[in-house]
Amino acid sequence: MSDMTASLGAARASTHRRRRSSAVVLLLALAATGVLWTAFAPRGTAQSTPDANEAVRQGRALYLQGCSSCHGLNAQGTGQAPSLIGVGAAAVDFQVSTGRMPLAAPGAQAKRKDPVYSQTQIDQLAAYVDSLGGGPKQAVVTRNALDDADLAQGGELYRANCAQCHQAVGAGAPLTYGKYAPDLSKATPSQIIEAMRTGPESMPVFGPGQIDDASAVAIAKYVRFVTEAPSAGGSTLGKYGPVPEGLLAWLAGIGGLLAVCMWIGARQKV
Amino acid sequence: MSKQEDGTTGPDVPAESGSIFDRAKPEPRQGHDDGPERLGTPPHQTDSAREGSTVLLAEPGERSAAVPPAHAEEIDRRAERRAERLVAFWFMVSIVGTIGFVVTNFVGDKHAEYYTPCMGTALGLAMGGIGFGVILWAKRLMPHEEAVQERHPFASSDAEIAATEETVALGFADTGLARRPLLRRTMLGAGTVLGALLVVPLLNLTNRKPGAQLKHSHWVKGARLVNGEGNPVRVGDIAIGGIETVFPAVPVTEADGSVRFEPQLSLHEKADSVTILIRLAPGENRPRPGRENWAYDGHVAYSKICTHAGCPVSLYEAQTHHLLCPCHQSVFNVLDGCRAIFGPASRSLPQLAIGIDDDGYFIARDGDYTEPVGPAFWERP
Amino acid sequence: MTTAPPPSLVKRPGPVRKLNRAVDERFGSQAALRRNLNKVFPDHWSFMIGEIALYSFVILVLTGIYLTLFFDPSNVEIPYNGSYIPLRGVEMSRAYASTLDISFDTRAGLVFRQIHHWAALLFVASIVVHLMRVFFTGAFRKPREVNWLIGVGLLVLGILEGFAGYSLPDDLLSGTGLRIAASIAQSIPVIGTWASFLVFNGEWPGDSFIPRLYVIHILLVPGILLALIGAHLGILWHQKHTDFPGPGKTEHNVIGHRVFPVFAVKSTGFFMLVFAMLALLGGLAQINPIWSFGPYDPGNVSSASQPDWYIGFLDGSTRLFPPWEFRGLGHTVPAVFWPTVVLPGILFTLLAVYPFLEAKFTGDSRPHNLLQRPRDTPARTGFGAMAISFYLVLWISGGNDVIAKTFDISLNAMTWAGRIGCIVVPPIAFTVTKRLCLHLQARDREIAEHGIETGIIHQLPDGEFVEKHRPKLPPVPDHRRVPTDRVALPAGENGDAKGGLVRRAGKAVTGFFVEEEDAQGTPPRESTGESPDQPAGRH
């Protein structure tokens, strides 16, 4: 049982006594998410140990092999890609663990995909970039922090700061000229917090001066809740609100009832 | 069945047209004699079928050569029984649905995920069962015949029209309205004035006059910029590339001379004061002439209310410094004084001049916006 | 023999017959009852589309009554304390809190709320489809223009009613929509600010729009809708339904099923199926999950904030309209005024006056009871296609952000496509549709002249290949035809069957006032009557 599962499960258990089968599906989904983030949650504390230098060295090797062609041999940036000096370990962890880096193809925006590097490698890369100059550290989301986070506060902060781009339930939305605010259904709590702290691509930065760590965890908890919570009223229709609703009203409602009309009006052949 | 009949009866009819005549044919298998007694329903057997207007039917004899009448009736009866069982099945489905609805309603856990889908499905079965049942009943078990009804023109005869018109004319003459202009004019006048009275309840809908209200927000000189939780914002809280939605906290001087800041966070106050505070990298801002000192340390503040239709403009793209309105997709360029650069909005977002107070908190340096915020209106200059 | 001989009076009536006789003694109901039971409705599937709207309305009333029992139409702010954890402690209006309670803490609350919302979508959608059927078949022509006008009124009111309902829960989505509505009201030249202040009791958001919308939504508009639906059906009943041309069908008859039993049973069944469809949608497809949007806050917004589909075309027109705001002489006419007030004003006015325009341009002032096929009126069909294509471009643009996200298209490209599309597509639709109609007409003529292709190819002696055609056969009726009256009465006793209920009621009133004249002999009305009517009142 992962941390995530426990905390979300506890939060919901008091309201929803859910049907077992749906609970199983949910638990599996949560467990997968939880495993993903617990795998790298303890990271970020390794900086001062003797291993840290080793991690930096290996990270640099990985960097030279996979990243330097765009970001430059010393991460100073090139015409193609920005400098990585000072972006911090959080940016590396976010970009690489969400598969956005290395970039698959140039476009308006990097797309989320399966990560190319293992979490160990990501940590090494992060350690290397961190060694180039400060910046936000990798996010650490402990089980207790998630348990203690206030879901309602997370919701209020989400609506005030995130919903305008990522949509009320994290389904994502378009920005100008092909850019978009991504769907949050796959984002882990640490990725959510790292995105807030580093402001990847079009996203503004939400630093700790604005949203403290506890509030950031609350937002992450809320995002996980709205993207994973069982829907109360049947199929969510993609969570996009009135557009798919209208489409279904026309296709199923009007389409289905017109078919019924034709059946009623059809001449009976016995 | 019907195909056989066609084959036997329509030698001059091409085979592929069989379906047309299937439909056209009276339904000889309705077997109403078997069903419950219906008042006035004619027998539907072979002889009555001849009455139809179809000219391509064969003589009864020919038909009976293909299918013996007794056998046909037996088939009819079986088909009817099948249809009846089908209708009954759907009625039973409805009963099951109704029971399901009642049971789910009272026994089900209304917080469970299954609750609403089960309720809907059960209700759908309850309604749909009766629906399918009765329609099948009408289609399969009621006589297939069409009634012919005459239509009548709606127009009345000339004499009737003349009489009616004359009735009205005579009655109108009796009122004397044509002869008495004073009466006519005062009556029309009274009626018009009375009609105008309808406006009164309409105007009573509010005691608040538009006046200058739309031209001002709740920002005052020295008001602190506070976030949605009422906490004041100071330099350094927002990272470069960050945004914060802020509201005014107006200074209130207490009796002892100390100053307290009161956040204006009611819906009404938020609605015209909501402001977006953006921190740009040093040197990025290109202030408009006369607004050179409206920003502070890379921080700029603009009204968050779209100048088009009033939605909160808040999709900020940190790289392009564009603000996008999610309602109608107007785009504002933050670096260029929030000029409207795409979409239906035509005016820039109003800018709020900001500075910091002695405690380091952001304040509205000069007071309110210098122009009305939000969507335009007739009285706006 | 299709009409039964006159039956004799049952001597020992059961309770139903007793009730019938009791009613008749008081109202003289038998002739009218018999006439209406025997009333004939033509049988075509497309004539049932309007019924979807009617039944949706009934379901809206039923579910709406249930919702009013739990909904609290109040702007007063309270902290939420219901069972939806992510909103616990959040300040919200009583309206929003009670909608959450309906959704989570009321038995059958959510399913009825969802059915109500789906029914609203279906109500307007079926009105639109019904309107298209009436338009493309020419059913609006004389004598049915008044019913067309009522129908247009029902459409407009249906849209208003839907918007009012969508706005009641006071969630972030509906609040955003209402904010835009306030801006639209405010954009009207001269009276705009007053209009907005009167509606919202002050500057947006005011403190009393929920109770006001509530009264509009549950009393005012439904009352008018009910009255108009009654008039719509009453006129339909009185004027008799139109029908497509067919064997035996003329301008002077109706052929179809009698009200009792087939039509009534089928209609009952159809009502049940409409209800079943809505129940399934309401149970299985989540609609307007207000808990995910949160309470309304003027500083917050969710991307992809959309209105329900029937407002979508206005949202689209607003998105597409260029930033043309007129300023001068100390006044402003906002850009939002044109696509949200002027455009729908023009569209609905054109829609309303279309029957009169067409009659004027075609010079056709005769009454029509038989419908036209769309291909037989290429210009009208072309206009219809043009209007639909224009509407569709606006409608799609109303959801262009969701489409852009779903199909990975640039939002700006969508906007420009819509801007160009709403100008370019309608004329193309007109031309293509008109040509298609003319082509179909030509094919019809060819079939009439040369017959139907059989697919059998013959080679002529000179080597030429020809296809064999067979003549188009004359149409035949679908069913056996019988007279309307099931039971014949001897002449004289059946005499008042032709007088409508209205006319008989009118005669009763007239008779009350002009009794002496009536008694003296032959008042003009009587002399011109189509049949020797019974004197007013029953014997």
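Residues numbered from 1 in each chain as written. Chains lettered and ligands numbered in written order. Predicted model: local features only at pLDDT ≥ 70, side-chain atom pairs only at ≥ 80, totals over all residues. Heavy atoms only, no water.

Engineer: How should the nonpolar core be read in this particular structure?
Structural biologist: One recurring pattern in soluble globular proteins is that nonpolar side chains are buried together. Trp118 and Phe270 of chain C are the most contacted members of the largest nonpolar core, which has 112 residues in total. The dominant element in this core, judged by the number of residues it contributes, is helix 5 (residues 109-136) of chain C, at 18 residues. Setting aside chain neighbours within four positions, we find Phe270 of chain C in contact with Leu257, Val260, Cys261 and Ile264 of chain A, Ile135 of chain B together with Met48, Glu51, Ile52 and Tyr55 of chain C. Membership of the second largest hydrophobic core comes to 68 residues, among which are Ala149 of chain A, Tyr316 and Ala318 of chain B together with Ile180 of chain C. (Core = buried A, V, L, I, M, F, W, Y, C linked by side-chain atoms within 4.5 Å. Buried < 20%, exposed > 50% of the residue type's maximum accessible area, 1.4 Å probe, protein only. Helix = DSSP H or I, 4+ residues; strand = E, 2+ residues; numbered from the N terminus. Contact = heavy atoms within 4.5 Å.)

Engineer: How should I be thinking about the domain arrangement of chain C in this particular structure?
Structural biologist: Quite often, the size of an interface is put as the accessible area lost when its parts meet. Residue and element names in this part refer to chain C. One can read the domain layout of chain C as domain 1 (7-37), domain 2 (43-292) and domain 3 (473-518). Here the C-alpha centre of domain 3 lies 37 Å away from the C-alpha centre of domain 2. Contacts between the two partners involve six residues from domain 2 and, on the opposite side, nine residues from domain 3. Summed over both sides, the interface of domain 2 with domain 3 buries roughly 620 Å², with 53% coming from carbon and sulfur. Looking only at domain 2, the three residues that lose the most surface to domain 3 are Pro247, Ile255 and Arg258, adding up to 76% of its buried area. At the surface where domain 2 touches domain 3, the tally comes to three residue pairs in polar contact (both at pLDDT 80 or more). Contributions of two or more residues to the side of domain 2 that touches domain 3 are made by strand 4 (253-258) and helix 10 (259-284). Its residues assigned to classes, the side of domain 2 that touches domain 3 comprises four nonpolar, one polar and one charged. (Domains from an automatic or database assignment. Buried area = accessible area lost by both parts, 1.4 Å probe. Polar contact = N/O pair within 3.5 Å; in protein donor to acceptor, adjacent residues only side chain to side chain. Nonpolar A, V, L, I, M, F, W, Y, C, P; charged D, E, K, R; others polar.)

Engineer: For this particular structure, what's the right way to read the interface of chain B and chain C?
Structural biologist: Each partner contributes to the interface: chain B provides 104 residues, whereas chain C provides 118 residues. Buried surface at the junction of chain B and chain C, summed over both partners, amounts to about 9700 Å²; 60% is from carbon and sulfur atoms. In terms of surface lost to chain C, no three residues of chain B exceed Glu146, Arg151 and Trp378 of chain B, which account for 11% of the buried area on that side. In this assembly, chain B and chain C are joined by six salt bridges. Notably, a salt bridge pairs Arg481 of chain C with Glu146 of chain B, separated by 3.2 Å at the nearest N-O pair. (Salt bridge = Lys/Arg side-chain N within 4 Å of Asp/Glu carboxyl O.)

Engineer: Teacher, can you tell me more about the pattern of salt bridges here?
Structural biologist: Opposite charge on two side chains permits them to pair, given that their charged atoms come into close proximity. Residues and elements named next belong to chain B. Within the structure shown, the criterion is met by 34 salt bridges over all chains. As a salt-bridge pair, Glu73 and Arg77 come within 3.7 Å of each other at their nearest N and O atoms. Pair noted here: Glu73 and Arg77 are both in helix 5 (residues 69-107), with a separation of four residues, about one helical turn. Taking the relative accessible area as the measure of exposure, Glu73 reaches 33% and is therefore partly exposed.

Engineer: Looking at this model, I keep getting lost on the packing of aromatic side chains. Mind explaining?
Structural biologist: Two aromatic rings, taken as a pair, are described by how far apart their centres are and by the angle between their planes. According to the stated counting rule, one finds 42 aromatic pairs over all chains in the structure shown. Seen in terms of ring centroids, Trp250 of chain A and Trp309 of chain C are 5.1 Å apart; in terms of plane orientation they differ by 80°. Their pairing is edge-to-face. With Trp250 of chain A in helix 12 (residues 242-265) and Trp309 of chain C in helix 12 (residues 309-320), this pair bridges two chains. Clustering of aromatic rings is evident, with ring pairs tying together Trp250 of chain A together with Trp309, Tyr310, Phe313, Phe348, Tyr391 and Trp395 of chain C. Of note, Lys270 of chain B hangs over the ring of Phe247 of chain B, and the distance from its end group to the ring centre comes to 5.2 Å. Arg419 of chain C extends its terminal NZ or CZ atom over the ring of Phe342 of chain B, reaching a point 5.6 Å from the ring centre. (Phe/Tyr/Trp six-rings, centres within 6.5 Å; stacked < 30°, edge-to-face > 60°. Lys NZ or Arg CZ within 6 Å of the ring centre and 35° of its normal.)

Engineer: How should the sheet that holds strand 9 (residues 331-333) of chain B be read in this particular structure?
Structural biologist: Note on sheets: strands pair through backbone hydrogen bonds, and any given pair is parallel or antiparallel. All names here are of chain B. Taken in spatial order, the four strands make up an open sheet running 7-8-9-10, and their pairing is antiparallel. Strands at the two margins of the open sheet, each flanked by one partner only, are strand 7 (315-317) and strand 10 (339-342). Strand-to-strand twist across the sheet, computed as the mean angle between neighbouring axes with direction ignored, equals 30°. For strand 7 and strand 8 (residues 322-324), the ladder comprises three bridges, and the chain directions are antiparallel. (Pairing = 2+ DSSP bridges. Axes fitted to C-alpha atoms, helices over the stretch in contact; angles between N-to-C directions.)

Engineer: How do you make sense of the interface of chain B and chain A when you look at a structure like this?
Structural biologist: With 42 residues of chain B at the interface, the matching set in chain A holds 36 residues. Overall, the association of chain B and chain A removes approximately 3300 Å² of surface from exposure, summing both partners, and the carbon and sulfur fraction of that is 54%. Area buried by chain B at its contact with chain A is led by Glu113, Lys139 and Glu317 of chain B, which between them contribute 19% of it. Put simply, chain B and chain A have one salt bridge between them.

Engineer: Help me out: how do you make sense of the sheet that holds strand 1 (residues 40-42) of chain C in this one?
Structural biologist: With mixed pairing, the four strands of this open sheet are ordered in space as 1(C)-4(C)-1(B)-9(C). One side of each edge strand has no neighbouring strand; the edge strands of this open sheet are strand 1 and strand 9 (480-483) of chain C. On average, adjacent strands in this sheet sit at an angle of 55° to one another, irrespective of strand direction. Here strand 1 of chain C pairs with strand 4 of chain C via three bridges, running antiparallel. Residue pairing for strand 4 of chain C: Pro42 of chain C is matched across the bridge by Gly256 of chain C.

Engineer: Explanation requested: helix 6 (residues 119-131) of chain A in the structure shown.
Structural biologist: The α-helix advances 3.6 residues per turn, and as a result positions three or four apart in sequence lie on the same side. Residues and elements named next belong to chain A. The end-to-end C-alpha distance of helix 6, which contains 13 residues, comes to 18 Å, matching closely the 18 Å that a straight helix rising 1.5 Å per residue would cover. Burial of helix 6 is extensive: ten of the 13 residues sit out of reach of the surface. Inspection of helix 6 places Gln119, Ile122, Asp123, Gln124, Leu125, Ala126, Ala127, Tyr128, Val129 and Asp130 among the buried residues, and these make up the whole buried set. Positive backbone phi, at 155°, marks Gly133, one or two positions downstream of helix 6. (Expected span 1.5 Å × (residues − 1).)

Engineer: Looking at this model, I keep getting lost on the environment of Gly298 of chain B. Mind explaining?
Structural biologist: Residue and element names in this part refer to chain B. Counting through the fold element by element, Gly298 comes out in the loop between strand 5 (275-279) and strand 6 (299-303). Residues Gly298 and Lys270, spaced 28 residues apart in sequence, show a C-alpha to C-alpha distance of 24 Å. The contacts of Gly298, once residues within four sequence positions are left out, are Ile278, Arg279 and Leu280.

Engineer: Mind showing me how you'd approach helix 2 (residues 30-37) of chain C here?
Structural biologist: Of the positions making up helix 2 of chain C, those classed as buried are Ala31, Ala32 and Arg35 of chain C. Along the axis of helix 2 of chain C, the buried residues cluster in a sector spanning 95°; they form a single face. (Arc of directions from axis to C-beta.)

Engineer: Would you take a moment to explain the side chain of Ser330 of chain B for this structure?
Structural biologist: Mapped onto the fold, Ser330 of chain B is located in the loop between strand 8 and strand 9. Once residues lying within four places of it in the same chain are set aside, the contact partners of Ser330 of chain B are Cys306, His308, Leu323, Leu324, Cys325, Phe342, Gly343, Pro344 and Ala345 of chain B.

Engineer: Looking at this structure, I do not really get the pairing of strand 6 of chain B. What am I missing?
Structural biologist: In summary, the side chains of a regular strand alternate between the two faces of the sheet. Residue and element names in this part refer to chain B. Within strand 6, five of the five residues are buried, leaving the element largely enclosed by the surrounding structure. Here strand 6 shows a buried face lined by His299, Ala301 and Ser303 and a second buried face lined by Val300 and Tyr302. Of the strand pairs in this sheet, strand 5 and strand 6 are connected by five bridges, and their pairing is antiparallel. Paired with Thr275 across the two strands is Ser303, which belongs to strand 6. Relative to strand 11 (residues 351-352), strand 6 is paired through two bridges, and the arrangement is antiparallel. Note that in strand 11 the partner of Ala301 across the bridge is Leu352.

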